[in-house]
Amino acid sequence: MTGLVRWLETAGRPVMDLMEVTGACVLLALRVVDRLVRKPWPWRQLGPQVAAIGTDSLPIALVTALSVGMVFTLQISNEFQRFGASSVIGGVAGIALVRELIPTLTGVVVAGRVGAAIAAELGAMQVTEQVDALTAMAADPVRILVAPRVLACLAVLPMLTMIADVVGLAGGFGVAVQLKGLAAVRFLDSLQGLVKLEDVLKGLLKAAWFGLVVGVIGSQRGLSATAGARGVGRATTEAVVYSLITIFVTNYLLSAWLFPGGAR
Amino acid sequence: MPAPRIEVRDLSKRFGPKVVLDAVTCAFDPGRIGVVIGPSGCGKSTLLRLILGLVQPDAGTILFDGTDLGRAHRGTWESVRSRIGMVFQSAALFDSLTVAENVAFALVERGVREAEALARAREVLSQVGLPEAGPAQPAELSGGMQKRVAIARAIATRPDVLLFDEPTTGLDPVTSRQIEDLIVTLSRETGATSIVVSHQHSTIHRTADRITLFHHGRILGDGERDLLDTHPAIRSFLDGHTMTVPPREGGAA
């Protein structure tokens, strides 16, 4: 009996930890919202954060988008040409890229690049008492540190995704036309016929959600850092892992909600 | 006799199983320097963090000019904190800002124009003997200089209360002496209530108007500075002897 209780305790601890972190992230997100409806607003720090997060993430996001656009188009071109379905290559690649692959992979890239940086920066501030110093000076750390980072992630991820959509589709177009011999007009006709503006906008909406996830989880783990350099390292790793898990889980739910299927 | 600026009554705090403060009662008067001493981990720094609301007490009351901070809402806390200047043990300077921006930070937060805040920053940096340090980054300064910048930051807003958490720990004797002189001078010039947490001999002897000895979360001695010479437990601590806690009424030690 004691063994069973101990096993249940051990097995249940990760679940409890997960619920605790989830609750803390929701509370932090609500505190950010609360800061947005009260003066002073956190706009002063927002510009530099948008610039930093955008420029930090742009190169890796574009390389990822180009790679996935090229590889995905290469694979479907091989198969579709075999079955005589070359006319839909552009549209299928477009749908897969703008609805799923590019928003999700841009979210993943930003989680690794920016989520880790936010957690490390805020974690270092936490363990060196800088966050306490802000509170001691009657300055709200959520307004000064968290809100600008969360809002910047929320704004930057759709922007990056929009640029990445273009680069990914260009990569796919290049592979289909230059390597697989598909006529440019067939690729573009198919793309135009199957991919709607709505698909692009829903992909950007998903990207905005991923931005919120990365900003909130990165900030929450950073502010929870304890025990010096080791604690900051752990917070950074957790920020990336938790962000990735949340992105992958919620991506399915969002896709099921935004793209329920049916006649197009 | 003026009413105490800060009064702590039956304050208790535990972190997990560890009791850090056990029904502590003490008071700090306006314009005087109260030095809180005791071995590491005895609850001295926690007392400062409780006064600032950085951690919440499990039981007891903290009164700031008669206001019960346990019942304070967000606005009251902001107003109380704006009257306190805190010097953290690690200095806790914002490493993304210059020294001058660090010192001016609280003023800018309170709506003072940036040029005016930076002028005040230059003034207080001169007061702590660092008139040229404004453009530097905190990481470029020595530990003693960082502590002095932290003091400048704490006094920039002309607070009514100054809290010093181990202001001279880890510093050489010359720098320690400069900082001790600074604490005394600032206290006399500004009339602020100062609470200095320390276990450094020279800091205790050179700054204390009043002395409070903490041990295992309890107060073993509390009174005027002459206790430094007369109180057995305080003398024992300052002489480096192991202290034994006398048994508590109705309970084990």
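Remember, predicted model here, so these are calculated numbers, not experimental data.

Re the overall build of chain B
Part 1 of the reasoning: When helices and strands are counted, chain B shows nine helices and ten strands.
Part 2 of the reasoning: Taken against the 2.2 N^0.38 rule, which gives 18 Å for 253 residues, the C-alpha radius of gyration of chain B at 18 Å falls within 12% of a compact globule.
Part 3 of the reasoning: A principal-axis box enclosing the C-alpha atoms of chain B has dimensions of 60 × 45 × 40 Å.
Part 4 of the reasoning: Per-residue burial over chain B gives 43% buried out of 253 residues.
Part 5 of the reasoning: Here the analysis covers contacts within chain B between residues at least 6 apart in sequence; of these, 65% occur between residues at least 24 apart.

Considerations on the confidence of the model for chain A
If pLDDT is low for a region, its predicted coordinates should not be looked at in detail.
Part 1 of the reasoning: Across chain A, the average pLDDT comes to 89, with 98% of residues at or above 70.
Part 2 of the reasoning: The spread of mean pLDDT over the elements of chain A runs between helix H1 (residues 2–36) of chain A, the lowest at 86, and helix H7 (residues 197–223) of chain A, the highest at 95.

Describing the nonpolar core
Part 1 of the reasoning: If you look at the biggest cluster of nonpolar residues, it comprises 146 residues, and the most contacted ones within it are Cys153 of chain A together with Val103, Val149, Ala150, Ala152, Ala156 and Leu163 of chain B.
Part 2 of the reasoning: Among the elements that make up this core, the one with the highest residue count is helix H3 (residues 89–127) of chain A (22 residues).
Part 3 of the reasoning: For Ala156 of chain B, the contacting residues outside a window of four places in its chain are Val103, Ala104, Ala106, Leu107, Arg120, Ala121 and Val124 of chain B.

What about H1 of chain A?
Residue and element names in this part refer to chain A.
Part 1 of the reasoning: If you check H1, its first and last C-alpha atoms are 50 Å apart, about what 35 residues at 1.5 Å a residue would give, namely 51 Å.
Part 2 of the reasoning: By the burial criterion, the buried members of H1 are Leu28, Val32 and Arg35.
Part 3 of the reasoning: Where H1 is buried, its residues contact helix H5 (141–179) and H7.

What about the interface of chain B and chain A?
Part 1 of the reasoning: If you look at the interface, chain B gives 14 residues, while chain A gives ten residues.
Part 2 of the reasoning: Counting only elements with at least two residues in the side of chain B that touches chain A, the list comes to helix H2 (74–81), strand E6 (84–87) and helix H3 (99–109) of chain B.
Part 3 of the reasoning: Broken down by class, the residue content of the side of chain B that touches chain A amounts to nine nonpolar, two polar and three charged.

Digging into the pairing of E6 of chain B
Residue and element names in this part refer to chain B.
Part 1 of the reasoning: Along E6, one buried face is formed by Ile84 and Met86 and the opposite face, lined by Gly85 and Val87, is buried too.
Part 2 of the reasoning: Sheet topology note: the E6/strand E7 (residues 161–165) ladder contains four bridges and is parallel. Considered in E7, the bridge of Val87 is made with Phe164.

Observations regarding the sheet that holds strand E10 (residues 218–224) of chain B
Strand pairs in the sheet, formed through backbone hydrogen bonds, run parallel or antiparallel to each other.
Residues and elements named next belong to chain B.
Part 1 of the reasoning: Overall, mixed pairing links the six strands, which are arranged E6-E7-E8-E3-E9-E10 in an open sheet. The sheet is open, and its two edges are formed by E6 and E10, each paired on a single side. With strand direction ignored, the average angle separating the axes of adjacent strands in the sheet is 15°.

Rules used throughout
- Counting restarts for each chain, with residues numbered from 1 along the sequence as it is written.
- Chains and ligands are labelled by the order in which they are written, letters from A for the one and numbers from 1 for the other.
- In keeping with the model being predicted, local features are shown solely for residues with a pLDDT of at least 70 and side-chain atom pairs are shown and tallied solely at 80 or more, while totals for entire chains, interfaces and linings include all residues.
- Helix and strand assignments come from DSSP, with helices taken as H or I runs of at least 4 residues and strands as E runs of at least 2, each series counted from the N terminus.
- To get the radius of gyration, use the C-alpha atoms; to get the globule rule, take the number of residues to the power 0.38 and multiply by 2.2 Å.
- Here a residue counts as buried when 20 or more other C-beta atoms sit within 10 Å of its C-beta, as exposed when there are 12 or fewer, and as partly exposed otherwise, the C-beta atoms being derived from the backbone.
- The contact rule is simple: place each C-beta atom from the backbone, and if two of them lie within 7 Å, those residues are in contact.
- Confidence per residue, as judged by the predictor, is encoded in pLDDT with a range of 0 to 100.
- Any nonpolar core is a set of buried residues, restricted to Ala, Val, Leu, Ile, Met, Phe, Trp, Tyr and Cys, that join up through C-beta atoms within 7 Å.
- How far a helix is expected to stretch is found by multiplying one less than its residue total by 1.5 Å.
- Amino acid classes used here: Ala, Val, Leu, Ile, Met, Phe, Trp, Tyr, Cys and Pro are nonpolar; Asp, Glu, Lys and Arg are charged; the rest, including Gly, are polar.
- One requirement defines pairing of two strands: DSSP has to find at least two bridges between them.
- The angle between two axes is taken between their N-to-C directions and runs from 0 to 180 degrees, where each axis is a line fitted to C-alpha atoms and a helix contributes only its stretch in contact.

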